[in-house]
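Below are the chains, spelled out letter by letter.
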Amino acid sequence: MKRRGRGIACMWYPIGFTVSANPSAATVKMNEDGTATVLTGTVETGQGSLTVLGQIAAEALGIATDDVHVVSADTDTTPMDTGAIASRTTYVTGNAIFLAAEAAKAILFEAAAPMLGVKVSQLEAKDRKIQVKNYPQRNVSIGEVALRAQAVLGTPAIGSASWNPPTVALDPETGQGKPFATYVYATQIAEVDVDDETGEVEVLRIAAAHDCGTAINPMLVEGQVEGGISMGVGMALQEEMLFDANGRHINPNLTNYIMPTSLDMPEITVDIVQGFDPTGPFGAKGVGEPTAVPTSAAILNAIHDAVGVRVYSLPATSEKVLTAIKAKRAAEQKQIPA
Amino acid sequence: MNEHSRVLERDKLDIAEPLSDVELRLPAVLPRESYPIETLTPDARQQTRAVGQRVTRPDGRLHGLGQTKYIDDLSFPGMLYARIKRAGIASARIKRIDTSAAEAMPGVMAVLTGKEIPVNSFGPSFQDQPVLVDDLVFHAGDGVAAVAAVTEQIANEALEKIVVEYEPLPAVLDPVAAMREDSPKVHAPNSNIYATKTIRKGDVEKGFAESDYIFEDRFSTQMIEHVSLEPHAAIADWDANGRLTIWATIGRITLARADIARTLKLPMSRIRIIGTIVGGNFGGKNEISQEPALALLSKKTGRPVKGVFTRGEEFTSTTTRHPIIMDYKTGVTNKGRILARQIRLVLDGGAYCSWSETTLGKACILAPGPYKIDNVLSEAFVVYTNKTMTGAMRGFGAPQVCFAYESQMDDIAKKLGIDPLEIRLLNAFDEGSPSPTGQVLHSVVIKESLRKAADRFDWEPRS
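Residues numbered from 1 in each chain as written. Chains lettered and ligands numbered in written order. Predicted model: local features only at pLDDT ≥ 70, side-chain atom pairs only at ≥ 80, totals over all residues.

**Overview of the overall build of chain A**
The secondary structure content of chain A amounts to 6 helices and 11 strands. Against the compact-globule benchmark of 20 Å for 338 residues, chain A has a radius of gyration of 26 Å, which places it well outside the compact range. With respect to the three principal axes, the spread of C-alpha positions in chain A is 100 × 45 × 45 Å. By residue count, 59% of the 338 residues in chain A fall in the buried class. Considering only residue pairs separated by 6 or more positions, chain A has 74% of its internal contacts joining residues 24 or more positions apart. (Helix = DSSP H or I, 4+ residues; strand = E, 2+ residues; numbered from the N terminus. Rg over C-alpha atoms; globule rule 2.2 N^0.38 Å. Buried ≥ 20, exposed ≤ 12 C-beta atoms within 10 Å, placed from the backbone. Contact = placed C-beta atoms within 7 Å.)

Quick look at the structure:
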């Protein structure tokens, strides 16, 4: 019969990676109509990073996401970037873009201050305008300022910057040090049904609560969490590359390498835990990899809760779960006094 | 006679000879359809507080309409198709490679072997991976020769005509066996243990002595492939000025350019890498693979050369997730506080280092879990085996160790009669807690995440 169980797992995960440096550089070019173009060496690999990076530039410049075009991934034209790896794009590349946007904005402020008759320090960029802080009635459109900076003053508003997370190398003996600038945290709770006659596990629902600092784009965070969980389900129950005794891979195809489909996916609820990291762009950290971290642990704990068996090696295939159930039954029967 | 010279022969023929069916056909083009492109812009994209908005992705429409141009959608005049012959044997010495029959095939424009690659090694940490093996085979998915032909089918057929004679060598497949002194060496004379990491804090023996209970378990995980929808793909174009342009599905173009410059002995200014929209990476496309071979085939033929891995090659010849054997020894008080944790991790590195050193570091540092533990000893080893190389994959060793530390956490809770949520809240990091490496942690919200998930799940305490 089917037995229901629940399992919890939490985790921590670093943003960026453990080498001496992993910088990103970026350029933000203000166009004469108040829109902007961002140059970054990172690559869009399906996660929506260019959208998030555009939002960071837009926020810094006080314009809308639609006003920003992001050009990426060309070694001839875009600045260096350590790459779409280690959940670092929003945090590291995001900081570089933020700083580049600030540099472009400083040129706009220099042009706008005499137009508005105030000091540069009194200005802010908001709602596609350069305006006086706490006196927004005095403003000029950002496009007008950009055009003036370029065509009248001869100082086009272009900013370039780079950023590298502050780390401290590990002591080779003890491993003590500051290997990463910051970490994110998450919890996933899974509910499963385990068929105690076949060992088959069905994941019914997962409640996921993830910290990513400020969620620059909550919709993309939710997408990352759902995608990460699908990889976690595969790791927990199905996926395994198998080799024969001679070291030849025996299931190099999607017929024999089983991975989750939409039918295997549980119902997922995503909560974004309120967080703010002062070292990230607008308080953001990252979310890409951590989403795949606690899923298999939560599912395996739920199996344990459902049928009382601990599976020590992944994946927990039906065969493994059933073998463990049978072993448990056999052990229990032996304990009955004669 | 190859395809190119055959075309020249035919040009000399009498005009009266009828054109073939192929020559009469129109080039294959997709029917032109007008798509209902709406100009309506979702409101979130127009907000001037951009951060925090549920902004839609500008590439979403193109994906939805099937208009995103992946490498396989790109084509250039005269472009050739490359395929790579795989060894199919886990450990061997190459005695002889005979490519003459393949080269003689009509439509085959060039064949490349490892000996022709200027610097036949690459890798992000250690340069231990050949582009094409030229002497020793390190795993069954290694490439031994590459072919460029006018069609993919001819390239495939040419692979069958390449004869490779191997002298089989003993293969090391089990990482624990590979650690033994007397084990055959994957990269002789070097030890199979190619990187180690230790994190030591406090005194675990003292912590175990003060503990009421000791838990000892061994956990293990499997080798996993990323299975991106889009396989590894690239187009290389070596132009007449000796400048190389590569369109590639690589998530790290800066590193890729450095690796390609090294393998081809080219100045970086002569290399342009264009990262196309990638159909899934998950860590699997963080380094070069076939690109130097495609570049040299392009140089040989003077034509652009495209290479797209098959699904089989995605499994056998690209990086995968590390299987890890994880020994956990944990000492706790009868109230459930963890006093000491000793961990030993053995990572199966496969045939090449790839991102193993980084994975080893992350796994070792994260292995104690997000908990306040005064006494920690975490040791990690990564070893060569004659299997598909393991490397970067979403989580870099963290999903494996999380499976171990969270499984054991539930066993501890069960034994002590404490609710699984409670025991985690009891031990979890606080703001300012020291990490296992002694780093003072900031913006720590692990307890908030535990409570939030528990609320959403309707978690009822039970012990």
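**Section: the overall build of chain B**
Regarding its fold elements, chain B presents 14 helices and 15 strands. Across its three principal directions, the C-alpha atoms of chain B cover 95 × 65 × 40 Å. In chain B, which comprises 463 residues, the proportion classed as buried is 53%. Of all intrachain contacts in chain B linking residues separated by at least 6 positions in sequence, the fraction that spans at least 24 positions is 78%.

**Examining the domain arrangement of chain A**
All names here are of chain A. Entries for chain A in the domain assignment read domain 1 (2-14 + 180-334) and domain 2 (17-163). Once you take the C-alpha centre of each, domain 1 and domain 2 turn out to be 38 Å apart. Facing 15 residues of domain 1, the contacting portion of domain 2 comprises 14 residues. Residues that form the side of domain 1 that touches domain 2 fall into these classes: 7 nonpolar, 6 polar and 2 charged. (Domains from an automatic or database assignment. Nonpolar A, V, L, I, M, F, W, Y, C, P; charged D, E, K, R; others polar.)

**What to know about the interface of chain A and chain B**
Each side of the interface is counted separately: chain A has 104 residues, and chain B has 101 residues. Along the lines of polarity and charge, the residues of the side of chain A that touches chain B split into 49 nonpolar, 37 polar and 18 charged.

**Some details on the sheet that holds strand S1 (residues 80-86) of chain B**
Residue and element names in this part refer to chain B. Strand order in the open sheet made by the 7 strands is S3-S5-S1-S12-S9-S10-S11, with mixed pairing throughout. The open sheet has two free edges, formed respectively by strand S3 (108-113) and strand S11 (271-275), since each of these has just one partner strand. Across this sheet, the average inter-strand angle for adjacent strands is 20°, counted without regard to direction. Strands strand S10 (244-248) and S11 of the sheet are contacted by helix H8 (residues 253-264), whose axis makes an angle of about 145° with S11. Most of the contacts of helix H9 (residues 291-301) go to strand S9 (residues 233-238), to which it runs at about 35°, and overall it touches S1, S3, strand S5 (143-149), S9, S10 and strand S12 (305-308). (Pairing = 2+ DSSP bridges. Axes fitted to C-alpha atoms, helices over the stretch in contact; angles between N-to-C directions.)

**Some remarks on the pairing of strand S10 (residues 201-211) of chain A**
Residues and elements named next belong to chain A. For S10, the tally of buried residues reaches 8 of 11 residues, placing the bulk of the element in the interior. Relative to S10, strand S9 (residues 182-195) runs antiparallel, the two being bridged by 9 bridges. Within S10, the position partnered with Val192 by the bridge is Val203. Hairpin connection from S9 to S10: 5 residues lie between these consecutive antiparallel strands, with Gly199 at a positive phi of about 80°. Of the pairings in the sheet, the one linking S10 to strand S11 (residues 267-273) comprises 7 bridges and is parallel in character. Considered in S11, the bridge of His210 is made with Ile272. Viewed along the sheet, the connection from S10 through helix H4 (residues 218-238) into S11 turns out right-handed. (Right-handed = clockwise from strand over helix to strand, strands pointing away.)

**Re helix H2 (residues 89-116) of chain A**
Since one α-helical turn is 3.6 residues long, residues separated by three or four positions face the same way. All names here are of chain A. Residue Asn95 marks the point of greatest curvature in H2, where the axis turns by about 25°. Within H2, 20 of the 28 residues are buried, leaving the element largely enclosed by the surrounding structure. Trailing H2 by a residue or two, Gly117 shows a phi angle of about 70°, which is positive. (Bend = angle between axes of the 7 residues up to and from the residue.)

**Here we look at the nonpolar core**
All names here are of chain A. Ranked by internal contacts, the top residues of the largest apolar core, which has 243 residues, are Ala57, Leu108 and Ile303. Residue contributions to this core peak at 14 residues, all from H2. Structurally, this core is a two-domain feature, drawing no fewer than three residues from each of domain 1 (2-14 + 180-334) and domain 2 (17-163). (Core = buried A, V, L, I, M, F, W, Y, C linked by C-beta atoms within 7 Å.)

**Some remarks on the pairing of S1 of chain B**
Residues and elements named next belong to chain B. Most of S1 is tucked away: 7 of the 7 residues are buried. The side-chain alternation of S1 yields two buried faces, one formed by Leu80, Ala82, Ile84 and Arg86 and the other by Tyr81, Arg83 and Lys85. Here S1 runs beside S12; their pairing, made up of 3 bridges, is parallel. Of the residues in S12, the one forming a bridge with Tyr81 is Lys306. Sheet analysis places S1 next to S5, joined by 6 bridges and oriented antiparallel.

**Digging into the packing of H8 of chain B against H9 of chain B**
Residues and elements named next belong to chain B. The geometry of H8 relative to H9 is characterised by a closest axis approach of 10 Å and an angle of 55° between their N-to-C directions. The pairing of H8 with H9 is recorded here as oblique in orientation. For H8 against H9, the interelement crossing comes out right-handed. The segment H8 lies against H9, with Ile260, Thr263 and Leu264 engaging Glu291, Pro292 and Ala295. (Parallel < 35°, antiparallel > 145°, perpendicular 65-115°, else oblique. Left-handed = near helix turned anticlockwise from the far one by under 90°.)

**Observations regarding the sheet that holds strand S8 (residues 213-220) of chain B**
Residues and elements named next belong to chain B. Pairing in this open sheet of 5 strands is mixed, and the strands run S7-S15-S14-S13-S8 from one edge to the other. Two strands bound the open sheet, and with one partner strand each, they are strand S7 (193-201) and S8. Adjacent strand axes in the sheet meet at a mean angle of 5° when their direction is disregarded. Both S7 and strand S15 (residues 375-384) contribute to a ladder of 8 bridges, which runs antiparallel. Paired with Arg200 across the bridge in S15 is Leu377. Running over the sheet, helix H11 (residues 356-366) touches S7, strand S13 (324-332), strand S14 (338-350) and S15 and is turned about 25° from S7. Across the sheet, helix H12 (residues 398-416) is in contact with S8 and S13; its angle to S13 comes to roughly 35°.

**Details of the environment of Val321 of chain A**
Residue and element names in this part refer to chain A. Assignment of secondary structure puts Val321 in helix H6 (residues 318-334). In sequence terms Val321 and Ile303 are 18 residues apart; their C-alpha atoms lie 8.5 Å from each other. What Val321 contacts, discounting residues up to four positions off in sequence, is Val194, Gly199, Val201, Ile303, Val309, Val311 and Ala316.

**Let's talk about helix H13 (residues 420-427) of chain B**
Taken together, the buried positions of H13 of chain B are Pro420, Leu421, Ile423 and Arg424 of chain B. All buried residues of H13 of chain B lie within an arc of 165° about the axis, which places them on one face of the element. Structurally, H13 of chain B contributes buried residues whose contacts are with strand S1 (2-15) of chain A together with H12 and helix H14 (446-457) of chain B. (Arc of directions from axis to C-beta.)

**Structural notes on the packing of H13 of chain B against H14 of chain B**
Residues and elements named next belong to chain B. The geometry of H13 relative to H14 is characterised by a closest axis approach of 10 Å and an angle of 165° between their N-to-C directions. Viewed along their axes, H13 and H14 adopt a mutual orientation that is roughly antiparallel. Crossing hand, H13 versus H14: left-handed. On the side of H13, the interface is formed by Leu421, Arg424 and Leu425, while H14 contributes Lys447, Leu450 and Ala454.

**Brief notes about unusual backbone geometry**
Cis geometry marks the peptide bond from Leu314 of chain A to Pro315 of chain A; its omega dihedral reads 0°. Within the fold, Pro315 of chain A resides in the loop between helix H5 (295-307) and H6. The omega angle of the peptide bond from Ala188 of chain B to Pro189 of chain B is 0°, so this bond is cis rather than trans. Along the chain, Pro189 of chain B turns up in the loop between helix H6 (175-178) and S7. Even without a glycine there, the phi angle at Ala73 of chain A is positive, about 60°.

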